[in-house]
Amino acid sequence: MGWLTKFFRGSTHNISEGQYHSRPAEETSWNEPSSSPVVTDFLSEFNNEDIDRAIALSLSEEEQRKAKTIDKDVHLEDDELLARAIQESLNIESPPRGKVRASGGNTYHQPREPGTANGGNTYQPPRENGTTNGGNAYQPLPFMFSSGFRACAGCHREIGHGRFLSCMGAVWHPECFRCHACSQPIYDYEFSMSGNHPYHKTCYKEQFHPKCDVCKQFIPTNMNGLIEYRAHPFWLQKYCPSHEVDGTPRCCSCERMEPRESRYVLLDDGRKLCLECLDSAVMDTSECQPLYLEIQEFYEGLNMRVEQQVPLLLVERQALNEAMEGEKARHHHLPETRGLCLSEEQTVSTILRRPRMTGNKIMEMITEPYRLTRRCEVTAILILYGLPRLLTGSILAHEMMHAWLRLRGYRTLSPDVEEGICQVLAHMWIESEIMAGSGSSAASSSSGSSSSASSKKGGRSQFERKLGDFFKHQIESDTSMAYGEGFRAGNRAVMQYGLKRTLEHIRLTGAFPF
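Residues numbered from 1 in each chain as written. Predicted model: local features only at pLDDT ≥ 70, side-chain atom pairs only at ≥ 80, totals over all residues. Heavy atoms only, no water.

Q: Tell me about helix α10 (residues 462-477), and please be specific about residues and values.
A: For α10, with 16 residues, the first-to-last C-alpha span of 22 Å sits near the 22 Å given by 1.5 Å per residue. Residues of α10 that are buried: F463, E464, L467, G468, F470, F471, Q474 and I475. For α10, the angular spread of buried residues about the axis comes to 160°, placing them on one side. (Helix = DSSP H or I, 4+ residues; strand = E, 2+ residues; numbered from the N terminus. Expected span 1.5 Å × (residues − 1). Buried < 20%, exposed > 50% of the residue type's maximum accessible area, 1.4 Å probe, protein only. Arc of directions from axis to C-beta.)

Q: For the pattern of salt bridges, give the residues involved together with the corresponding values.
A: If the charged atoms of two oppositely charged side chains come close together, the side chains can form a pair. Summed over all chains, the structure comprises 17 salt bridges. Residue R305 is joined to E307 by a salt bridge in which the shortest nitrogen-to-oxygen separation is 3.4 Å. We classify E307 as exposed; its relative accessible area is 53%. Put simply, R488 and E485 hold a salt bridge, and the shortest N to O gap is 3.2 Å. Taken as a pair, R488 and E485 lie in helix α11 (residues 481-497) at a separation of three residues, close to a single helical turn. (Salt bridge = Lys/Arg side-chain N within 4 Å of Asp/Glu carboxyl O.)

Q: Which residues make up the packing of aromatic side chains, and what values do they have?
A: All chains considered together, the criterion is met by 12 aromatic pairs. Consider the rings of W235 and F463, whose centres lie 6.0 Å apart with planes at 15°: the pair is stacked. In this pair, W235 is assigned in the loop between β12 (227-231) and β13 (238-239) and F463 in helix α10, connecting sequence segments 228 residues apart. Of the two residues examined, W235 and F463, each falls in the buried class. Taken together through their ring pairs, the aromatic side chains of F234, W235, F463, F470 and F471 make up a single cluster. The ring of F218 carries the charged tip of K211 above its face, separated from the ring centre by 5.0 Å. A cation sits over an aromatic face here: R256 above W235, 5.2 Å from the ring centre. (Phe/Tyr/Trp six-rings, centres within 6.5 Å; stacked < 30°, edge-to-face > 60°. Lys NZ or Arg CZ within 6 Å of the ring centre and 35° of its normal.)

Q: I'd like a rundown of helix α7 (residues 389-407), residues and numbers included.
A: Taking 1.5 Å of rise per residue, the 19 residues of α7 would be expected to cover 27 Å, and the 26 Å separating its terminal C-alpha atoms lies within 8% of that figure. Among the 19 residues that make up α7, 18 are buried, leaving the element largely enclosed by the rest of the structure. Remark: G409 follows α7 within two positions and exhibits a positive phi of approximately 90°.

Q: How would you sum up the environment of R250? Please name residues and give values.
A: Residue position: R250 is located in the loop between β13 and β14 (264-266). Accessibility expressed as a relative area gives 18% for R250, which makes it buried. For the pair R250 and K272, spaced 22 residues apart in the sequence, the C-alpha separation amounts to 6.5 Å. A polar contact of 3.2 Å, which involves the side chain of R250, links it to the side chain of Y239. (Polar contact = N/O pair within 3.5 Å; in protein donor to acceptor, adjacent residues only side chain to side chain.)

Q: Tell me about unusual backbone geometry, and name the residues and values.
A: For L236, which is not glycine, the phi torsion reads 60° and is therefore positive. Mapped onto the fold, L236 is located in the loop between β12 and β13. Despite not being glycine, N303 has its phi angle at roughly 60°, a positive value. Mapped onto the fold, N303 is located in the loop between α5 (285-301) and β17 (312-315).

Q: How would you summarise the environment of R317 if you had to cite specific residues and measurements?
A: Assignment of secondary structure puts R317 in helix α6 (residues 317-326). Once the C-alpha coordinates of R317 and T337 are considered, the two residues, 20 residues apart in sequence, prove to be 8.4 Å apart.

Honestly, it's all geometry; don't read function into it.
Here it is, written out as structure tokens:
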């Protein structure tokens, strides 16, 4: 399986602040009135004293008239300036939104959801200036804006005369432009947005900046300013790339990276097992026998009964590898073998009793040698110990199919056909367990095991059901030629022609029907 890589980027938005520019009234000039013929006629009729009195009275009236004219012109110009300012405010355009760029990739190698390579996720957070993705910036202007005919998008009241903000295609009272997270006004020089909602940059980071599921810290940016992280394609767990090389434990069963401060079990062969997987783990040979009977019943229900009594042994990793080396016929195996169907006589070290745990380590592993004798084409089935019941069962169903094929004379199959049809049977068994929703009564007969305890309660835990979905997903998404492509070809054949006709076609031709 492979991990996922993602890249996220934010968006940039700007606020503009309104202002009103007042200008001094232009100077008004007027000309002295020239004397008229009528005045000249009066001068000829009055004496000098009367003339002086008339001139003084005329000058006084003219001064009053000029004063009224100036006052009227000033008021007209003020009204004209106010109308012009209002018109300018109505013509203000909201600033263009910042362009959003998106890039991403998905790959999975035991998890990416590495850098821009398979297995990482990146996200570009808002930066600390107003020109980067995720933030909005505005430069406050030194004047107030008179905006008596505009309504605030926050309170929907008239803004009136005074300062206002223009952003997001609307105008706001400064105190009405608030963060969607904390509901406090945004007075900063920049802000972030998600959808149609504004945020303080700090609130936006807290809400949307991805956190590592292992260390619980914000995932840091890489050299390109993007947040890069690994994500499992099934569990969607995301974590810092550094945890893949800093010794952070990963469960050998569910493949999840273990969060800091969480407990896990260290098996004697170096494998790490989370406590949730440990809860249903099968730890010794006797504990696995009820599950073996259940798998045999599953095959009988498919009219594929295995007549011969084939021993089932739970073994350590070293014993499994040694047994694989002792096989003359080299069969195709996964990079890490967890099950084996033997055809040769040899001595195998099997786990006799469930080991004791001390702290987070397995102690007092008791084993005994088991001599395998060849009575038929199959001498034994070996399964790696310490795996959850559903995973142990799927491996056992797979190896049982190897045994069935050899005992029925299917001996010269290509790896993709043999491993593919074995994976089909393992997949069918897991599906039946998921649909059943609880373990069989046979499984509950094993005393002292975690799986028996859960069965006696009448149901499987929510995590165990999720774990079954994960093991099914592993089979379906395998990328190897034999196990992955072989399964998908075999599953298509079984879905179209049925299991019986598919097996008959394989026996006759050595290939899947198409």
